[in-house]
Amino acid sequence: MKRKNLTTEYTEFHGGNIIFVPRTPCLSVSSVVFLLFLFFTANLHSQEPVTGGTGADALFAADEFRLGVQAFNRFSYNEAILSFERALSFRPGQPLILDWLGKSYYRSGFEETALRQWRSALDIYGRSSGTGMLLNARIETVSNRRFLRPIIDDGVRYVGAGRYPGRYENLVLYRQPTSVLANNDGSVWIVAYGSNEILRVDVNGIIRDRKRGPLNGFDRPYDLVRGLDGRMYLSEFRGSRISVLSNSGDWLSYIGSRGLGNGQMVGPQHLTIDEDGYLYVVDYGNRRITKYDPDGMFIISFGLRSSVFPGMLSPTGIAAGNGIIYAADSVAKAIYMFDPNGNYLGRLAVDGLIGPESLKFISDGTLLVVDGNRLLQIDPNTAIVRELGLGGTERVRITGADMDRNGNIVAANFNAGEVSILTRFDDIASGFFVQIRNVNSQNFPNVAVELTVEDRLRRPILGLDNNNFLITENGVPVNNQTIFMPGFRYQGADISLLVERSDVTSRMRDDLTSASRDINRALQEMGNSKVVSVVSASTQPRREQHVNSLENAVRGSADSYSQRWRFDLGLRLAATDLLTAAAKRSVVYIGSGSLGELAFEQYSLSEMAAYLANNGIVFNAIIIGDDYISAGVEYLCRETGGKAMRLYRPRGIGELIKSVGQTPSGLYSFTFNSRLQTDFGRAWLPLEVEVYLMERSGRDNTGYFAPLQ
């Protein structure tokens, strides 16, 4: 095995198979910055990072600072704020205390107050110092961040950030990729037409899995899609069939055979799945589209010439969304629209297409379109087209593209024999937003640390492993750095129920009971999931006991309902109960959707949204009754990545609860052995984490105290 450092490429040989990860040099911390960092994180007592005042003031400030750090690491942010404020009363203007006070306000949802503390600290540190540069980057990120997810239509271009090559030196890893499919863990499946296989590649470019089908193998695989139940469907161009695969890529069965009849095909290429789980196959050789149910039963074929439709000349890409099937024709340079029954609806009014091929709906409801070597975004509602970027200029034929869970465009370049990764230019320039959430030193010198990795728009970065992180103390790498199961791999979720106790819901207690049953059923189906607390949002919010009966806890007693119920206090309490919960967690509000006159009497809507988002908590809503859903509920859902559903919708609310377990999480946990001396637990121990991925990096620093001896 050959392995180099974080800033270079490395290869690993596992069982004779080569695995390759391309790396471009990343910015590392210089020795000057390390010296500045060492000065900044010096021993709290012996080198007095809390400076000024009398000797007694130094002692009092140090004690309060210690209490504040310990409270912060227990997620007791209000207690931490009080301790840091008291420490500042003894050491006014001390930048280290101001920094930690800002962190506590940030975690509490008071972002403007946090920014004021950080700016005061920055004025003292200076923008040119190592600590000042890190603090300034944090200030700019929080100041400019206004959206939970990146908006793809903001004019920012996507540029090359890396590639997954099909060849390393004289070794062939795979040949002629035609399609890619993003996975929830940040990895992607690559369909390799030339080498008759599919490969799962992680964010570092390491090949984690290969699948070559049943005993007779795949026969020129072309496109891959995922069904609603997790099974995948793989088109085989030369085999003229569809392979049904498990969610891990294992072969299960075939759909279709070669021929011209119903359920038969010649040279199938692109695939899509609609909202009801039906499979649509571009039957290239027969110039038509064929529809199957999830189990492979033939439904209909359409797209042939008729009195209202000119017929497909060279059908290529296909995508389903909002009840419409979009099908591209590379010769006609058009995108046609059909309903799910195959009725022709018209042509998407887009001009200037060169040769559209792959179509894929992305998270914002627009189409990601491969057109020659161009990657386009098309709004199907307005037909507005924007060029996102180019897949290359030489040896380029992009046949398929998808957006991965980290917001990169991943494009299969058939001619070049590689997969290109394109990232928003602003994201490359800004790097990662790394935040150390807490440090547990109770078993010192064994230390545990939790941190989150996000982009500048609060989207979690998924798929990282131990090789992407460097943990140091005073600039020296720690011993035995070990990663736990990352948050994105966590199976299950923790939920806190927030129940509206208003005059309106007092007349809907049977509906509340029904909601609790549906929630409980969904949690049991998920596994490894639980209700952490049930909070009654009444005049004075309280936690309900639900050990024996979740239904009774949600239903509540008659005297708990009030016209003066408090949404903000109830939401704050429900969210606080999740601070120490699992990586995937959500407050689920059950109510009428109208939040009442006292909804934000103590905490504003923006403060509550920030409290949830800054602590990785998703807000979901189950609406009982027929009242309108207030703008406040919709805002909280939008800002935290949640959704609102009515209780008695045809498909039920189970999918809302299950969606919590699918929440992308950028939480990472590590243990390591410290090299530092504790001065019997009184020394301030500095800690820094750096994160690298291709051309992007980020870092954060903190500190902690070992237990007193």
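Chemist: Quick question: what am I supposed to make of the overall build of the protein chain here?
Modeler: Within the protein chain one finds 14 helices and 44 strands. Its C-alpha atoms give the protein chain a radius of gyration of 28 Å, near enough to 27 Å, the size a compact globule of 709 residues would have. Projected onto its principal axes, the C-alpha coordinates of the protein chain cover approximately 90 × 70 × 45 Å. Looking at the protein chain residue by residue over its 709 residues, the buried ones come to 60%. Sequence-distant contacts, at least 24 apart, represent 60% of the contacts inside the protein chain between residues at least 6 apart. Separation of charge centres in the protein chain, based on 74 positive and 75 negative side chains, amounts to 4 Å.

Chemist: How should I be thinking about the environment of D293 in this particular structure?
Modeler: Here D293 shows up in the loop between strand 18 (288-292) and strand 19 (298-302). When its relative accessible area of 15% is taken as the criterion, D293 is described as buried. A sequence separation of 16 residues divides D293 from G277, and the C-alpha atoms of the two residues are 7.2 Å apart. Discounting chain neighbours no more than four positions away, the residues touching D293 are Y278 and I299.

Chemist: What am I meant to see in the nonpolar core here?
Modeler: The nonpolar side chains of soluble globular proteins are, as a tendency, buried together. Among the nonpolar cores identified, the biggest contains 59 residues, and F65, L498, F567, L571, V587, Y589 and F619 are the most heavily contacted of them. Ranked by residues supplied to this core, first place goes to helix 4 (residues 95-107) with 7 residues. Grouped together as the second largest cluster of nonpolar side chains are 45 residues, A182, V201, V689 and L693 included.

Chemist: What's the story with the packing of aromatic side chains in this structure? I'm lost.
Modeler: The geometry of an aromatic ring pair is captured by the separation of the ring centres together with the interplanar angle, meaning the angle of the planes. Tallied over the full model, the rule gives 37 aromatic pairs. The ring of Y278 has K291 sitting right over it, with the charged end atom 4.6 Å from the ring centre. In this arrangement the basic side chain of R397 is found over the ring face of F414, its NZ or CZ atom lying 5.4 Å from the centre.

Chemist: Before we go on, may I ask you to explain the packing of helix 2 (residues 55-73) against helix 4 in this structure?
Modeler: Two quantities define a packed helix pair, namely the angle between the axes and the distance from one axis to the other. Taken N-terminus to C-terminus, the directions of helix 2 and helix 4 make an angle of 30 degrees; their axes are 11 Å apart at the nearest point. In terms of orientation, helix 2 lies roughly parallel with respect to helix 4. The interaxial crossing formed by helix 2 with helix 4 has left-handed handedness. Residues F65, V69 and F72 of helix 2 form the contact with helix 4, whose own contacting residues are L96, I97, W100, K103, S104 and R107. Residues of the contact of helix 2 with helix 4, tallied by class, amount to 6 nonpolar, 1 polar and 2 charged.

Chemist: Mind showing me how you'd approach the confidence of the model for the protein chain here?
Modeler: The share of residues in the protein chain with pLDDT of 70 or more is 91%, and the mean pLDDT across the chain is 89. Per-residue pLDDT stays below 50 along residues 1-48; that stretch engages in 114 contacts with residues further than four places along the chain or on separate chains.

Chemist: Help me understand the pattern of salt bridges in this model?
Modeler: Pairs can form between side chains of opposite charge once their charged atoms are near each other. A complete count under the given rule lists 42 salt bridges for this structure. In this structure, E387 engages R157 in a salt bridge whose closest nitrogen and oxygen atoms are separated by 3.4 Å. Taken together, the positions of E387 in strand 27 (residues 385-390) and R157 in the loop between helix 6 (130-144) and strand 3 (158-165) put the pair 230 residues apart, joining distant regions of the chain. In the salt-bridge network here, residues are joined through shared partners; they are R424, D426, D427, D455, R456 and R459.

Chemist: Explain the sheet that holds strand 3 here, please?
Modeler: The pairing of strands in a sheet comes from backbone hydrogen bonds and takes either a parallel or an antiparallel form. The strand order across the open sheet formed by 4 strands is 3-30-29-28, and the pairing between neighbours is antiparallel. Every other strand in the sheet has two partners, leaving strand 3 and strand 28 (398-403) as the edge strands with one partner each. Shown here is a sheet whose adjacent strand axes are inclined to one another by a mean of 25 degrees, direction ignored. When strand 29 (residues 409-413) meets strand 30 (residues 418-424), the two strands line up antiparallel, connected through 5 bridges. From the neighbouring strand, A411 faces strand 30, where its bridge partner is S420.

Chemist: Looking at this structure, how should I read the sheet that holds strand 35 (residues 479-483)?
Modeler: The 4 strands are arranged 31-32-42-35 in an open sheet whose pairing can be described as antiparallel. Looking at the sheet topology across the chains shown, the edges are occupied by strand 31 (433-440) and strand 35. Going from strand to strand, the sheet's axes swing by 25 degrees on average, the running direction of each strand aside. With 7 bridges joining them, strand 32 (residues 446-454) and strand 42 (residues 667-673) adopt antiparallel strand pairing. The partner of E450 across the bridge, within strand 42, is S669.

Chemist: What am I meant to see in the packing of helix 11 (residues 567-576) against helix 12 (residues 605-614) here?
Modeler: It is the contact of helix 11 with helix 12, at a shortest axis distance of 11 Å, that shows an interaxial angle of 10 degrees. As the angle between them shows, helix 11 and helix 12 are arranged roughly parallel. Seen from helix 11, the contacting residues are D568, L571, R572, A575 and T576; seen from helix 12, they are M608, Y611 and L612. The residue inventory of the contact of helix 11 with helix 12, partitioned by class, reads 5 nonpolar, 1 polar and 2 charged.

Chemist: Looking at this structure, I do not really get unusual backbone geometry. What am I missing?
Modeler: With omega at 15 degrees, the peptide bond leading from F444 into P445 counts as cis. Along the chain, the position of P445 falls in the loop between strand 31 and strand 32. One non-glycine residue, E169, lies in positive phi territory at about 55 degrees. Note on placement: E169 falls in the loop between strand 4 (167-168) and strand 5 (171-172). Residue E169 is classed as exposed on the basis of its relative accessible area, which comes to 61%. For Q176, which is not glycine, the phi torsion reads 45 degrees and is therefore positive. Note that Q176 resides in the loop between strand 5 and strand 6 (177-182).

How each quantity is defined
Residues numbered from 1 in each chain as written. Predicted model: local features only at pLDDT ≥ 70, side-chain atom pairs only at ≥ 80, totals over all residues. Heavy atoms only, no water. Helix = DSSP H or I, 4+ residues; strand = E, 2+ residues; numbered from the N terminus. Rg over C-alpha atoms; globule rule 2.2 N^0.38 Å. Buried < 20%, exposed > 50% of the residue type's maximum accessible area, 1.4 Å probe, protein only. Contact = heavy atoms within 4.5 Å. Lys, Arg positive; Asp, Glu negative; His and termini not counted. Charge placed at Lys NZ, Arg CZ, Asp CG, Glu CD. Core = buried A, V, L, I, M, F, W, Y, C linked by side-chain atoms within 4.5 Å. Phe/Tyr/Trp six-rings, centres within 6.5 Å; stacked < 30°, edge-to-face > 60°. Lys NZ or Arg CZ within 6 Å of the ring centre and 35° of its normal. Axes fitted to C-alpha atoms, helices over the stretch in contact; angles between N-to-C directions. Parallel < 35°, antiparallel > 145°, perpendicular 65-115°, else oblique. Left-handed = near helix turned anticlockwise from the far one by under 90°. Nonpolar A, V, L, I, M, F, W, Y, C, P; charged D, E, K, R; others polar. pLDDT = per-residue confidence, 0-100. Salt bridge = Lys/Arg side-chain N within 4 Å of Asp/Glu carboxyl O. Pairing = 2+ DSSP bridges.

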